[in-house]
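Take a look at the letters that make up each chain.
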Amino acid sequence: MESSHLRQQIAAMRQSFFDEEILDGQFCQLERLENRGNPNFVEEVLTMYFRDSTTLLQTVEQEIETDTIDLAKVDMMLHKFKGSSASIGANKVRNNITKTRQLLEEGNLEGAKLAFRELRMEHDNLRAKLEPYFQQQLRQVGPVETATRPKGSDHA
Amino acid sequence: MAAQGRHGGKKSNKMTALVVDDNTVNRMIHHRLLDNLGIENVAVVNGKEAVDIHCSGKTFDLILMDMDMPVMNGIEATRQLREMGIRSMIAGVSTRSMEREIREFIEAGLDDYQEKPLTMSKLISIIHKING
C-alpha cells in the first residue's frame, strides 16, 4: 500500500517537472539510458551537472560584477553551460542562459545581470525540485531487508 | 597489422568509438549512449588528446567530436586527424547553430554533424552512415 502511494508520489513529482516546463523530453532520453547495470545513471549525471554548474555560476557572477567584464570568456562559459543544460533536459535553465547571452551580446549589461539572477534562481529551483525526487526514488528502492530467524530457534 | 575497416577502424566484431568533449556531463551521456549500443568507447577531454591517442597507434570506427574545447578545439583536431590520414567516421557534435560555424567545422573534415543534445536516434543515424 505504502509502496504504491510512494510510486504515485514519485510519478506526480516527475510529471510536475514537465507540466511546469522545468524539464523537457531530453530528460526522458536520459532515463532511457538507465538499465540494470547502471540503475542510478540519471542521478549520477545530475550530480555531476550540479557540481559543475555551481562552480560555473559563481565564476560568471564574479566576472559580470567586475568593471571590466571579459565578455568572450563569459559567453563561452554560458555557451558550455547551455550545452550541458540541454543535455539533461533543463529547459528553463537553458532558456535563461539564452536570454542572458542575448542581453550581453546587445551590450545591455544591467539587463544581463537581471537575467543572470533569474538564471541562478531557475538553476537553484531545479536542484531544489530534483533532490527530493531522487530521495523519494531511493526510498522506493530502499535497503533490502530479509527476515531472519533468531539464532537457536530452528524448529518448525 | 590489423586490417582497416571502411573508415579506418580495426576490423573486429565490436565497433569502437572515441568521445572527444571537455564537458563531463556530455562525456557521461555519450559514453552511456555508445555503451548501450554495444560500442566499446574511450573518452578524452580535448582535441589534443584525440590527436595524441591516434599518435599512440589507436584507431576507432567512430569519433564523436565536440567543437569548442580548450587546448585544441574540434575544428583543429579534425583537420589534424585528416592530415594524419585518419579515415574514421568523424561526427561533429555541438550546440553551435550558426551556418558559418558549422560549415567551418564540416570543411575541416567531418563526415557528419549533429546538433547537441545527442540522442539515441541521432547516434544511430551516424552509425548507419558507417555501415551504409
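In this report, the structure presented in the accompanying data block is examined. Model, not experiment: these values are computed from the prediction.

Turning next to the overall build of chain B. Within chain B, the secondary structure is distributed over five helices and five strands. Reading chain B from its N terminus to its C terminus gives the helix and strand order β-α-β-α-β-α-β-α-β-α. Taking 2.2 N^0.38 as the reference for a compact globule, 132 residues should give roughly 14 Å; the C-alpha atoms of chain B span a radius of gyration of 13 Å, in line with that estimate. The principal-axis extents of the C-alpha atoms in chain B amount to approximately 40 × 30 × 25 Å. Burial status across chain B gives 56% buried among its 132 residues. With an accessible surface of roughly 6000 Å², chain B has 49% of that area assigned to carbon and sulfur atoms. Across chain B, the 17 positively charged side chains and the 18 negatively charged ones have centroids separated by 5 Å.

Our next topic: the interface of chain B and chain A. Counting residues at the interface gives 19 residues for chain B, matched by 22 residues for chain A. For chain B, the biggest contributors to the area lost against chain A are Val25(B), Met28(B) and Arg32(B); these three give 32% of the whole. For the pair chain B and chain A, the number of links is two salt bridges. In this structure, Lys80(A) engages Asp22(B) in a salt bridge whose closest nitrogen and oxygen atoms are separated by 2.6 Å. The interface formed by chain B and chain A contains eight residue pairs in polar contact (both at pLDDT 80 or more). Counting residues per element, the side of chain B that touches chain A draws most heavily on helix H1 (residues 24-36) of chain B, which supplies eight residues.

Reading the values: rules and limits
Each chain carries its own residue numbering, running from 1 in the direction its sequence is written. Note on labels: chains are lettered from A, ligands numbered from 1, in written order. Residue-level local features of this predicted model are given only where pLDDT is at least 70; pairs of side-chain atoms are given and counted only at 80 or more, and the full residue set underlies all totals for whole chains, interfaces and linings. Note that the side-chain values use all heavy atoms of the structure and ignore hydrogens as well as water. Here a helix means four or more residues in a row that DSSP labels H or I, a strand means two or more in a row labelled E, and each is numbered from the N terminus. Note that the radius of gyration is over C-alpha atoms, with the globule rule given as 2.2 Å times the number of residues to the power 0.38. Burial classes follow relative accessibility: with a 1.4 Å probe on protein chains only, a residue under 20% of its type's maximum area counts as buried, one over 50% as exposed, and anything between as partly exposed. Areas reported as accessible are Shrake-Rupley estimates using a 1.4 Å probe. Residue values count occlusion only from the protein chains shown. Lys and Arg are tallied as positive, Asp and Glu as negative. Neither His nor the chain termini are counted. To locate a charge, take atom NZ for lysine, CZ for arginine, CG for aspartate or CD for glutamate. Two residues form a contact once any of their heavy atoms are found within 4.5 Å. Buried area adds together the accessible area that both of two parts lose upon being put together, with accessible area traced by a 1.4 Å probe. The salt bridge criterion pairs a side-chain nitrogen of Lys or Arg with a carboxyl oxygen of Asp or Glu, the two atoms within 4 Å. Pairs of N or O atoms are called polar contacts if they sit within 3.5 Å, as long as, within protein, a hydrogen donor faces a hydrogen acceptor (for residues adjacent in sequence, only side-chain-to-side-chain pairs).

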